[in-house]
Amino acid sequence: MEYMKIESLKIIGTAHVSQKSVEEVKSAILEEKPDVVAVELCANRYHRLMQEKMGIEEKNNISISDVIKENKVGLFLVSGFLTYMQKKIGDDLGVKPGAEMLAAIDASEEVGARVALIDRDISLTLKRALNAMSAWEKIKFTYGIIYSFFSGEDEIDDIESLKKGDALQEVMNYFQEMSPQAYKVLVDERDAYMSHKLLEIPEDNVIAVIGAGHKQGINNYLEHPENLPPLSSLLIEKKSGVPWIKILLSLIPISFIIIFILAFIRGINIQSGLIQFILLTGGLSFLGSILSGSKILSAVTAFLVAPITSLHPLIAAGWFAGLVEAKLRHVGSGDLVDFGKCEDLKDLWNNNLFRVLLVVAGANIGSIIGSFITIPQVILPLFGKLWGA
């Protein structure tokens, strides 16, 4: 692909919750009077920022049923916690997340510059990040989110140092070590995507406002555009490799069914084994739901469906328990909006959506544990009887 050469491009690397970044961005645009101001925003994030600017309450049409049925609980939680952490840091510093982008947009209007949105859609980025991560990386990533959630206040006063090379590189190296696959999607891929978008701008005089962590990568791509991956490869919902864990989890219920059927055919008494299986999977799913703070009816639902869902790799007990819990708690679009506004653990606990997601997770974990306990308690003894028959 042939790219047009931008004659004058100034890249401003910002800290996303920094007042100094806000002032720097506005000053540069008013002085330079560029033809185009490119901002690190996708259309969805731009729309949300403009709604906040105009004081319009965000309306979310996503229902909790869709989140659960489409298996987007993990994606939603990651997005929610990242939003929470950025908002908390911004509140502590007195700067709203995205304030420097709003300053860039406002300044562009003053000088008559066109605004170009150059970032990839955030939901696609998060999907690709989660799909690219191994199970162990997901565990480390989740731990990192939770750890930051509880102890993320200590060093935020030095937020401006994040724009300096050494401090920034240290942060990026830590994140890369914690989850290299997520780092590649969240940083490297977006560097490439934003470089594509910058090179597609036909105007000559451009100011780009991006997070400081992307500046070096984008500069490298702009200097060597031949190294850019095809844009189309950055726009598909990239699936993970061979899902060995999913295959293993699918084989477990299949083996249960085969062993129960063979035992029945050969006249082996399976009544006690079935009762144990039901009590273990249903009982532990019930317990997991209760420990997650569910209503009794939701826990009973988990108990009833867990023995069935344990034998089906594509459905989970937590989905049904969560849907009942959502119905009982009358979860609405307001809970989705309020989830990102929670200030502390008490706010989270009082948020109906968060409580429903906890129930989904708790019921599922209990059901999974019950399935694995069933192997030595029920399946292996039945297999032994079959072997000796």
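Residues numbered from 1 in each chain as written. Predicted model: local features only at pLDDT ≥ 70, side-chain atom pairs only at ≥ 80, totals over all residues. Heavy atoms only, no water.

A. Spotlight on the overall build of the protein chain. Helix and strand counts for the protein chain come out as 17 helices and four strands. When the 389 residues of the protein chain are sorted by exposure, 44% land in the buried category. Sequence separation of at least 24 residues holds for 83% of the intrachain contacts in the protein chain that already meet a minimum separation of 6. Carbon and sulfur atoms make up 60% of the accessible area of the protein chain, which totals about 20,700 Å². (Helix = DSSP H or I, 4+ residues; strand = E, 2+ residues; numbered from the N terminus. Buried < 20%, exposed > 50% of the residue type's maximum accessible area, 1.4 Å probe, protein only. Contact = heavy atoms within 4.5 Å. Areas by Shrake-Rupley, 256 points an atom, 1.4 Å probe, with all protein chains shown as cover.)

B. How the structure looks around the UniProt feature "transmembrane region" (unreviewed entry) in the protein chain. On the UniProt side, "transmembrane region" (unreviewed entry) is annotated at positions that read residues 247-268, 274-292, 299-321 and 353-375 here. The straight-line gap between the two end C-alpha atoms of residues 274-292 is 27 Å; of that span, 95% is helix and 0% is strand. For residues 353-375, the helix share is 100%, the strand share is 0%, and the end-to-end C-alpha distance is 34 Å. (UniProt positions renumbered as here; feature names shortened; annotations may be inferred.)

C. A look at helix H9 (residues 180-199). With 20 residues, H9 extends 27 Å between its outermost C-alpha atoms, agreeing within 8% with the 28 Å of an ideal straight helix rising 1.5 Å per residue. Along H9, the largest kink reaches about 30° and is centred on arginine 190. For H9, the tally of buried residues reaches 15 of 20 residues, placing the bulk of the element in the interior. (Expected span 1.5 Å × (residues − 1). Bend = angle between axes of the 7 residues up to and from the residue.)

D. Representation of the environment of alanine 107. Considering the arrangement of structural elements, one finds alanine 107 in helix H5 (residues 99-111). Taking the C-alpha atoms as reference, alanine 107 lies 5.7 Å from lysine 26; in sequence the two are 81 residues apart. Excluding its chain neighbours within four sequence positions, the residues that come into contact with alanine 107 are Lys26, Ile29 and Leu30.

E. A look at the side chain of threonine 374. Relative to the assigned elements, threonine 374 resides in helix H17 (residues 352-388). Contacts of threonine 374, omitting those with residues within four sequence positions, involve Phe256, Phe277, Leu280, Thr281 and Ile379.

F. A look at the nonpolar core. Judged by nonpolar contacts, the single largest core of 20 residues is most densely connected at Ala38, Ile118, Leu198, Ile201 and Ile218. Looking at this core, the elements with two or more residues in it are strand E2 (36-39), H9, strand E4 (205-211) and helix H10 (212-223). Among the elements that take part in this core, H9 stands out by supplying five residues, more than any other. If sequence neighbours within four positions are ignored, alanine 38 has contacts with Ala116, Ile118, Leu198, Ile201, Val206, Ile207, Ala208 and Val209. (Core = buried A, V, L, I, M, F, W, Y, C linked by side-chain atoms within 4.5 Å.)

G. Spotlight on the sheet that holds strand E3 (residues 114-117). Read across the open sheet, the four strands follow the order E1-E4-E2-E3; overall the sheet is parallel. At either margin of the open sheet sits one strand with a lone partner, and together these are strand E1 (8-14) and E3. Mean inter-strand twist for the sheet, computed between neighbouring axes without regard to direction, equals 20°. Here seven bridges tie E1 to E4, and the two strands are oriented parallel to one another. Its bridge partner lying in E4, isoleucine 12 is registered against valine 209. (Pairing = 2+ DSSP bridges. Axes fitted to C-alpha atoms, helices over the stretch in contact; angles between N-to-C directions.)

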